[in-house]
Amino acid sequence: MDRFIVQGEVQLCGSIAVSGAKNATLPVMAASLLCSGITVLHNVPNLRDIRIMQEILTLLGAKIVRQQHTMIIDTTGVNKAEIPENLMREMRASVFLMGPLLGRFRKVKLSYPGGCAIGPRPINLHIKALEKIGATVIESYGYIDAVSTKLTGGKIQFDFPSVGATENAMMAAVLASGVTVIHNAAREPEIIDLQAFLNKMGAKVYGAGTDTIRIEGVNKLNAAEHTIMPDRIEAGTFLLAGAITSGDVVVEGILPEYLFSVIDKLQEIGLQIDIGYNYIRVRAGEMRGVDVNTLPYPGFPTDLQAPLLSLLTIAKGSSIITETIFENRFKHVDELTRMGARIKVEGRTAIVRGVNGLTGAIVSAPDLRAGGALVLAALAAKGTSEIEHVSHIDRGYEQLEVKLRSLGANIYRLKQVT
Ligand code: EPZ
């Protein structure tokens, strides 16, 4: 497993452009299965999770070519609707394939996606949504079989605005006969990107980004060309990197309106923020502790909870961070404690008491965003840090160390020859 070696106490300065959004790319790749043709996607990030989705689509019969950040997906040869167990286990986001495979082949078989480091990750809302539009879903022996002779539009009411369940429902409903309305839909920006792609294919989807999405079923969809939106979570991570190192960083090529909850929190902490039409600039300020609850969009994103917590370990005073989305998303706390942070976790709440500074240590990335948080802490810490299990970080951040080095960070990847 590769590791990062970081020499801390370097103020980051300069401009950095983010990659395409992982969490928009995955559902859009899945949606390409809804038609037989050649889909062209631009601004696709080069990430481990994207490569796994590519492997799954190829196993289902698709032919995929990558040219830099463009991906060409030929789905004319797709003739399978069963997702192999080993790949399901490697990436639970494969659950996004239920909707499109049901929509195109009226059947899908996949192993029950296990939990992951951040929680059990149930899919009851996905299944309930698919049943509402005519699917019969059988869960047995660790597998899920969904079949439907005919998908018909229906009314879906989510108990919780699940991102994945909203996206699965959209992708299953676009080829159903009649109208489907999703109430209490997730409002994340990546859902707006999925709607844009589906409508380029000839679908009739309206309302993404609000809590009510209307889908008028059509008979056929065609392949389309689409540019993936910029990654707001990567953008937030770089803003927090500039903040934690008391630097001066411009994150560009982004949609600032998708980061207003993060900007608001950074300003509350005391950082100087300038907002342009496609960039945000963060400069150092006297940092003080704040309270934050993670919430469904447009609330503060759970994917930036860990990186923000790293910043708050060196803010003056105390902070209370409540993780309302996932059950077990404080795995970065033990590792930050090794670096001198003072944090107490009680259930879904972490109480942080600011310290004057962190010290470098050998730490291990427990999951994707916790790994990002440890990198930020190492950038600010006194001395040298080693971050193990960088493969978790590579799932969601493309060449993180290269991008941070372009801002002046002293961070290098030590490739572990296995
Ligand atoms: C998406 O996961 C993202 N992943 C996650 O990003 C992100 O943290 C999450 O949305 C919330 O924003 C992708 O888009 C690939 P949810 P998803 O369904 O769809 C519960 C990252 O780091 N729930 O909104 O799985 C669930 O247990 C990843 O990039 C049910 O109870 O999120 C969780 O507590 C991590 N039943 C909560 O809802 C269900 O059927 C949020 O889950 C589905 C979800």
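Residues numbered from 1 in each chain as written. Predicted model: local features only at pLDDT ≥ 70, side-chain atom pairs only at ≥ 80, totals over all residues. Heavy atoms only, no water.

J.: Quick question: what am I supposed to make of the domain arrangement of the protein chain here?
T.: Accessible area lost on assembly of the parts is the figure often given for the size of an interface. What the domain assignment reports for the protein chain is domain 1 (3-19 + 230-414) and domain 2 (22-227). Taken together, the contact pairs 26 residues of domain 1 with 23 residues of domain 2. Overall, the association of domain 1 and domain 2 removes approximately 2000 Å² of surface from exposure, summing both partners, and the carbon and sulfur fraction of that is 54%. Applying the counting criterion to the domain 1 and domain 2 interface returns two salt bridges. Where D49 meets R395, a salt bridge forms, and the shortest distance between an N and an O atom there is 2.7 Å. Within the residue set of the side of domain 1 that touches domain 2, elements represented by two or more residues are α12 (368-380) and α13 (391-394). The biggest single contributor to the side of domain 1 that touches domain 2 is α13, with three residues. (Domains from an automatic or database assignment. Contact = heavy atoms within 4.5 Å. Buried area = accessible area lost by both parts, 1.4 Å probe. Salt bridge = Lys/Arg side-chain N within 4 Å of Asp/Glu carboxyl O. Helix = DSSP H or I, 4+ residues; strand = E, 2+ residues; numbered from the N terminus.)

J.: Can you walk me through the packing of aromatic side chains in this structure?
T.: Counted by the stated rule, this structure contains one aromatic pair. In this structure, K109 is placed above the aromatic ring of Y143, and the distance from its NZ or CZ to the ring centre is 4.9 Å. Positioned above the aromatic ring of Y397 is the side chain of R369, whose terminal nitrogen or guanidinium carbon lies 5.1 Å from the ring centre. (Phe/Tyr/Trp six-rings, centres within 6.5 Å; stacked < 30°, edge-to-face > 60°. Lys NZ or Arg CZ within 6 Å of the ring centre and 35° of its normal.)

J.: When you look at the nonpolar core in this model, what are you seeing that I'm missing?
T.: Nonpolar side chains in soluble globular proteins generally cluster together in the buried interior. Ranked by internal contacts, the top residues of the largest apolar core, which has 80 residues, are L57 and L198. With sequence-adjacent residues up to four places away left out, L57 is seen in contact with M29, S32, L33, A62, I64, I73 and L97. With 68 residues, the next largest nonpolar core counts I254, V352, L374 and L407 among its residues. (Core = buried A, V, L, I, M, F, W, Y, C linked by side-chain atoms within 4.5 Å. Buried < 20%, exposed > 50% of the residue type's maximum accessible area, 1.4 Å probe, protein only.)

J.: Just to check I follow, could you spell out the side chain of S310 for this structure?
T.: Here S310 shows up in helix α10 (residues 305-312). Apart from the residues within four sequence positions on either side, S310 is in contact with I244, L336, A373, L374, L376 and A377.

J.: Hey, could you run me through the site of the ligand in this one?
T.: The immediate surroundings of the ligand are formed by 25 residues, with N124, L125, S162, D303 and I325 found nearest. The separation between an oxygen atom of the ligand and a polar side-chain atom of R92 is 3.3 Å. One of the backbone N or O atoms of I325 is found 2.5 Å from an oxygen atom in the ligand. Alone, the ligand offers 830 Å² of accessible surface; in the complex the protein occludes 88% of this. Sorting the residues of the shell around the ligand by element identifies α1 (22-31), α5 (124-132), α6 (163-173) and α12 as the ones contributing at least two each. Among the residues forming the shell around the ligand, the class breakdown is twelve nonpolar, six polar and seven charged. (Near = heavy atom within 4 Å. Polar contact = N/O pair within 3.5 Å; in protein donor to acceptor, adjacent residues only side chain to side chain. Areas by Shrake-Rupley, 256 points an atom, 1.4 Å probe, with all protein chains shown as cover. Nonpolar A, V, L, I, M, F, W, Y, C, P; charged D, E, K, R; others polar.)

J.: Help me out: how do you make sense of the sheet that holds strand β24 (residues 410-414) in this one?
T.: Strands belonging to one sheet form pairs held by backbone hydrogen bonds; the direction of such a pair is parallel or antiparallel. Read across the open sheet, the four strands follow the order β22-β23-β1-β24; overall the sheet is mixed. Each of the sheet's edge strands pairs with one partner strand only, and the pair in question is β22 (362-364) and β24. Adjacent strand axes in the sheet meet at a mean angle of 20°, parallel and antiparallel pairs treated alike. As defined by bridge partners, strand β1 (residues 3-7) adjoins strand β23 (residues 384-388) across four bridges and the pair is classed as antiparallel. (Pairing = 2+ DSSP bridges. Axes fitted to C-alpha atoms, helices over the stretch in contact; angles between N-to-C directions.)

J.: Quick question: what am I supposed to make of α10 here?
T.: Helical periodicity: at 3.6 residues per turn, an α-helix aligns residues three or four positions apart in one direction. For α10, the buried fraction is high: eight of the eight residues fall into the buried class. Those residues of α10 not exposed but buried are Q305, A306, P307, L308, L309, S310, L311 and L312.

J.: For this particular structure, what's the right way to read the pattern of salt bridges?
T.: A side chain of one charge can pair with a side chain of the opposite charge if their charged atoms are brought near each other. Scanning the entire structure with this criterion turns up 21 salt bridges. Among the salt bridges present, the one from K22 reaches D49, with a minimum N-O distance of 3.9 Å. Here the residue K22 occupies a position in helix α1, and D49 occupies one in helix α2 (residues 48-59), the gap between them amounting to 27 residues. An identical accessibility class is assigned to K22 and D49; each is buried. Residue R89 pairs with E85 through a salt bridge whose shortest N-O separation is 2.7 Å. Of this pair, R89 and E85 both sit in helix α3 (residues 85-90), four residues apart, roughly one helical turn. With relative accessibility at 58%, the residue R89 sits in the exposed group. Salt bridges sharing partners connect three or more residues here, namely D2, D394, E401, R413 and K415.

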